[in-house]
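# Structural overview
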Amino acid sequence: MTLSYTSIVLKSVPSKMSIRRAMTTMAGLHGKTLQQPWLLKNQAFINGKFVGAKSGKTFEVVNPASGKVIGSVPAMNTSDAEEAVAAAHTAFQSWRNTTAKERSSVLRRWFNLMEEHKEDLAVIMTVEAGKPLAEARGELGYGGSFLEFFAEEAKRIQGEVLQPMLPNREMLLLRQPVGVAGFITPWNFPNAMITRKAGAALAAGCSCVLKPAEDTPFSALALAALAHEAGVPPGVFNVITSLKTDAAAVGNLLCTSPHIAVISFTGSTGVGKILYEQCAQGVKKLGLELGGNAPFIVFNSARLDVAVNALMVAKFRNAGQACISANRVLVQSDIYDRFLAAVKTAMEALRVGDGLLEGITVGPLINRPQMNKVSTLVSESVSQGATVLLGGGPHTAGELFYQPTLLTDVTSEMPCCATEVFGPVVSVMKFDTEEEAVRIANDCKTGLAGYFMSQDVSQVWRVARQLEVGMVGINEGLISAAEAAFGGIKESGLGREGSSHGLDDYLETKYLCIGNTHL
């Protein structure tokens, strides 16, 4: 008797009720309740089961807004990571042979479950990442869109039939999954940075091992619970949680393991360079989405209202903690004073506080090191001549809250412009000519995103082509989308995520040459 892959999977999957019982308490949500409390997990997810660390060790996860403990998760090490890699490697042998329709159906169910439980997922995200609840809901819509998009792209992975130059020969190109994918994801978008990678990998036929940031593991574990509910087979999607002290060793294991075929990392340029070097040992495929220092240029022809609204979105989403956040604001001289006044008014309307509270638009920074970094960058820039027009220091809302800050009289050499701030700080400089603005914008080692505001069509084409970045927002501050190719140039990374190009890291091209056909 021939068994379908689906029937094999269903026999080996633990019951949903047993998975739902592996959950933590609700104590960490500080008054908020979940409609489905089983989504808040306190164990990692390996080979279709929620498990603890072999050592029995755990670590606490803290709400950055209140400083209170949300809960604990396993403090895993390389031994646990090896188990997850082995499970993914075994699962890949079957998952790679599923049909595109089967993989598409699983991803679609995963997406549907995300939609069904969006409010619970938003609460979990706000509590661990600090972002306002409205932003968390927005991220979940964005994150879910990758599962929805790649559910369809799975059915569009196609090869090629080539025209041979010699007789009696047929030539074809096949696209096949590379193997197990290792993911290392950041804390600032704890849902979307996972689905953007996992959606593409699973669509291509790869299995994966995910190590989420230690600050935000609960969003990743909730995704694992929903993946299981959706029918993702054991071992195809694994989540290992670890402390920062073990992160380097776990990352090195993923980069050097012979069972891992590709690494996808979103995070700092410094860490990305380390992973790049480690992956070189095995000539491993690598996708890097690293830091940026996005210019935001306002030309004289810009519509003032459009420019201000675009900056508020590009700068203050997640309290400025985004890799494509506007970091250097360049304003042409004729519109400078009016733009500055309008931005100051818009910033004064921002409400800082706990993201669970109604009407909050700016939450806390993620942790104490990030708070210290932002404070230092601002104080050093001020000491070098920058003027504080608004804010300039910690906010009274709590220990990790920073005031929305507006700096003027800045130069490219000041820390607030030379460094990616990752905080709610707007640094404004004046320029006179288009050539000057482009030169300043491109005077940077990174090249992730850039923005400019102009109603001059000719200028739009000129500047868009000249900016040395991978993505350009023109009269728009919110540029991320599942159907668009996300990624940078220079030291901002390798490869693209999202769009049909997001599959490239997870597919190999195999050439077939059939000779002596005598057709």
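Bear in mind that the values here come from a model prediction, so they are computed numbers and not experimental data.

Conventions we followed
- Residues numbered from 1 in each chain as written.
- Predicted model: local features only at pLDDT ≥ 70, side-chain atom pairs only at ≥ 80, totals over all residues.
- Heavy atoms only, no water.
- Buried < 20%, exposed > 50% of the residue type's maximum accessible area, 1.4 Å probe, protein only.
- Helix = DSSP H or I, 4+ residues; strand = E, 2+ residues; numbered from the N terminus.
- Pairing = 2+ DSSP bridges.
- Right-handed = clockwise from strand over helix to strand, strands pointing away.
- Contact = heavy atoms within 4.5 Å.
- Axes fitted to C-alpha atoms, helices over the stretch in contact; angles between N-to-C directions.
- Salt bridge = Lys/Arg side-chain N within 4 Å of Asp/Glu carboxyl O.

## What about the pairing of strand S19 (residues 471-474)?
Residue alternation in S19 divides its side chains into a buried set, Met471 and Gly473, and an unburied set, Val472 and Ile474. Relative to S19, strand S18 (residues 449-453) runs parallel, the two sharing 4 bridges. Its bridge partner being in S19, Gly450 is matched across the sheet by Val472. Handedness of the S18-helix H16 (residues 457-466)-S19 crossover: right-handed.

## As for the environment of Ala310
Summarising the element assignment, Ala310 is placed in helix H11 (residues 304-316). For Ala310, a relative accessible area of 7% gives the class buried. The contact partners of Ala310, leaving out residues within four places of it in the chain, are Phe296, Met453, Glu476 and Gly477.

## A word on the sheet that holds strand S5 (residues 160-162)
An order of S5-S6-S22 is seen for the 3 strands of this open sheet, with the pairing classed as antiparallel. The sheet terminates laterally at S5 and strand S22 (507-515), the two strands that pair on one side only. Shown here is a sheet whose adjacent strand axes are inclined to one another by a mean of 20°, direction ignored. With 9 bridges connecting them, strand S6 (residues 169-177) and S22 associate as antiparallel partners. Considered in S22, the bridge of Met171 is made with Cys513.

## A short note on the pattern of salt bridges
All chains considered together, the criterion is met by 18 salt bridges. When the shortest N-O distance is used, the salt bridge between Glu289 and Arg196 registers 3.3 Å. One end of the pair, Glu289, is in strand S11 (residues 285-289); the other, Arg196, is in helix H7 (residues 192-204), and 93 residues separate them in sequence. A salt bridge links Arg303 to Asp305, with the nearest nitrogen and oxygen atoms 2.8 Å apart. What makes Asp305 partly exposed here is its relative accessible area of 40%.

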